[in-house]
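One letter stands for each residue in the lines below.
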Amino acid sequence: MTAMASSGISRRAVLQVLGLAALLSLLGALRFGSVSIGAGELLEASVDLVMGRDGTSLAATLLALRLPRAGTAMAVGGLLALSGALLQSLLRNPLADPYVLGVSGGASCAAMLAIGAGAGAAAIALSAAGGALLALSLLFALAHRALFARDVLLDPGKDSAILLTGVMIASLSAAVLSLVLSLAPDGRLRTMVFWLLGDLGGATSPMLAALALATWLVLGLVAQRDAPALNLMLGGDLQAYTQGVPTTQVRRRLIIVTAIATGTAVALAGAVGFVGFVAPHLVRRVLGADPRHVLPAASLLGAVLVLVADTVGRCAAAPLQLPVGALMALIGVPVFIWQLQRP
Amino acid sequence: MSPPLLSCRGLEVRAGRRCLVRALDLDVAAGQRWVLIGPNGAGKTSLLLVLAGARPAEQGTIVLAGTPLRQWSVEHLAGMRAMVADRWIDPFATSVLDTVLAARYRLHDGAGERHGGAGAAVALARDCLAAMDCLALAGRDVRHLSRGERQRVALAAALAQETALVLLDEPISHQDPRHQIQVLQALQARAGCTYIGALHDINAAARFATHALLLYGDGRWVAGCSGTVLTPDTLSPLFETEITQVEAGAHRVFLSHG
């Protein structure tokens, strides 16, 4: 009841606050690190960058390093939170996260093989994307009946068929992963483990960062267009269908969106955990369950969470860098538990 | 006579290998209220799903408002028929008002009161809630309603969809005696609305329906005016139990004797 009453007052305000938080965390991410930049220098370097002038100052150098990483962090967080929010709604299961359908498992396996073969960052990202695609194809092949049925049933078995198939693909990936890890040469094991924990250390390419941000934007818009339909599908396929939603097509389209989102995020930063699960939950507690509001808000919150966690990871034990995935859970779990305790 | 709103020819409904309804020919004219009567598992819900277009028929054709059902788009169909199912899935917190407004998806005006959604849609949603005696629940979370209340909210949502045809699957199964009558009367009072509903309560069916379709569960069926079809002679073999009829004032009351 309280959630109901408070849900409407400030949907716009919540989005504005999240946008502001994104801006502030971006500023923080650019300023702080093993070396901090003053606000004035940052502004100067930013102006240089925007005007296309080659800066030679320390600030310009640091900006060129930190901006792609910050952009990638935001895109990764946004994509994972979007994917998690979509899957929790699509599968009507609050425990779902971006990794539940095994897409990231496929990506991780392929990435580990690439690292094992000594590939560079771009090749790792590319092979992770290929692995994600392979896992998605496997899901579509195996859960064919549930995903392509002409029959709109009350049957909740459809969701569990997709979910269980995904869990099986994830388990299979985990098995292959442990084989690869146990056979990998010692010298590469550390890189592999860091990658599996979720790590933005390799995110130095401005082009990949721009690509990731563009992917986030496009997938976010595609998902938003289907958000009203998804809202009805929360109440079951039969009800949504009789109210005018082509449920089978919407489900298929959105599962592809989640797979691309998860695959892109995992390819860029490894398996960053927790954010895709927790961001939609936190948002839902404030805004209610309607995907029209949850999707954009969760996306923004995810971007902020990963960016803040990565900034803290770079600063906390500088010059050592802590994996963003671990920090995310360290920051996020207490927040989430505090939220759960609230009446 | 105007063409029927819904007509079936040679319709067959199966559940796995069992044939539930065979070669059904049915004409439902606008404004009629049909009840589906039959024992458990006779195919009432299955037939409703087929008529709703949610499940393909094994055989036969269904024509809705002059156009074969298969040629209707999902969205246009939603403007013509609504369906009240007999179970609901509420995984996350949603207000009753939003649940009713969501039924207006195809009209794109159900965005919600506080979201600046159309005031007319909200007013209509509240009218529908009031017709189902649950306006007081408008701000409540659907997950915290009793089953009877949740069922009336689902009925209100179907009314808010503003369709000519409403399919009902056990619409009063969770209602107390007062609300059983109230719900059926409110449905009946909506001018021009056509209903096809599965009902287990023969007495409620007899009061509500203009027509009845008896389903035996083995393919056989009987259709006709409720006054001629709903009699002890047809109902007793249908339910394989002795059913008698007594007059109680203006009403006929059926008694089953097990």
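Please refer to the structure placed before this passage.
Here is what the cut-offs are and how they apply
Residues numbered from 1 in each chain as written. Chains lettered and ligands numbered in written order. Predicted model: local features only at pLDDT ≥ 70, side-chain atom pairs only at ≥ 80, totals over all residues. Pairing = 2+ DSSP bridges. Helix = DSSP H or I, 4+ residues; strand = E, 2+ residues; numbered from the N terminus. Axes fitted to C-alpha atoms, helices over the stretch in contact; angles between N-to-C directions. Core = buried A, V, L, I, M, F, W, Y, C linked by C-beta atoms within 7 Å. Buried ≥ 20, exposed ≤ 12 C-beta atoms within 10 Å, placed from the backbone. Domains from an automatic or database assignment. Contact = placed C-beta atoms within 7 Å. Nonpolar A, V, L, I, M, F, W, Y, C, P; charged D, E, K, R; others polar. Expected span 1.5 Å × (residues − 1).

(A) Summary view of the sheet that holds strand E9 (residues 211-215) of chain B. Residues and elements named next belong to chain B. Here we have six strands laid out as an open sheet, ordered E6-E7-E8-E3-E9-E10, and mixed in their pairing. Of all strands in the sheet, those bounded by a partner on one side alone are strand E6 (81-84) and strand E10 (221-225). Here the strands of the sheet are splayed against their neighbours by 15° on average, with no regard to which way each runs. Across five bridges, the pairing between E9 and E10 is antiparallel. By the bridge assignment for E10, Ala 212 is matched with Gly 224.

(B) Broad picture of the nonpolar core. Counting residues in each nonpolar core, the largest one holds 194 residues, and the members touching the most others are A:Val76, A:Val306, B:Val100, B:Ala156 and B:Ala205. Mapping this core onto the domain boundaries places at least three of its residues in each of domain 1 (1-80 + 164-231) and domain 2 (93-162) of chain B. Apart from the residues lying within four places of it in its own chain, the contact partners of A:Val306 are A:Ala73, A:Met74, A:Val76, A:Gly77, A:Val272, A:Val275, A:Val324 and A:Met328.

(C) Examining the interface of chain A and chain B more closely. Facing the 27 residues of chain A at the interface are 29 residues of chain B. Among the secondary structure elements, those contributing two or more residues to the side of chain A that touches chain B are helix H1 (2-9), helix H10 (206-233) and helix H11 (237-242) of chain A. The dominant element in the side of chain A that touches chain B, judged by the number of residues it contributes, is H11(A), at four residues. Broken down by class, the residue content of the side of chain A that touches chain B amounts to 13 nonpolar, nine polar and five charged.

(D) The arrangement of helix H13 (residues 275-287) of chain A in detail. Residues and elements named next belong to chain A. Here H13 is 13 residues long and its end C-alpha atoms lie 18 Å apart, about the 18 Å a rise of 1.5 Å per residue gives. Those residues of H13 not exposed but buried are Val 275, Gly 276, Phe 277, Val 278, Ala 279, Pro 280, Val 283, Arg 284 and Leu 287. Phi turns positive one or two residues past the end of H13, at Gly 288, with a value near 90°.

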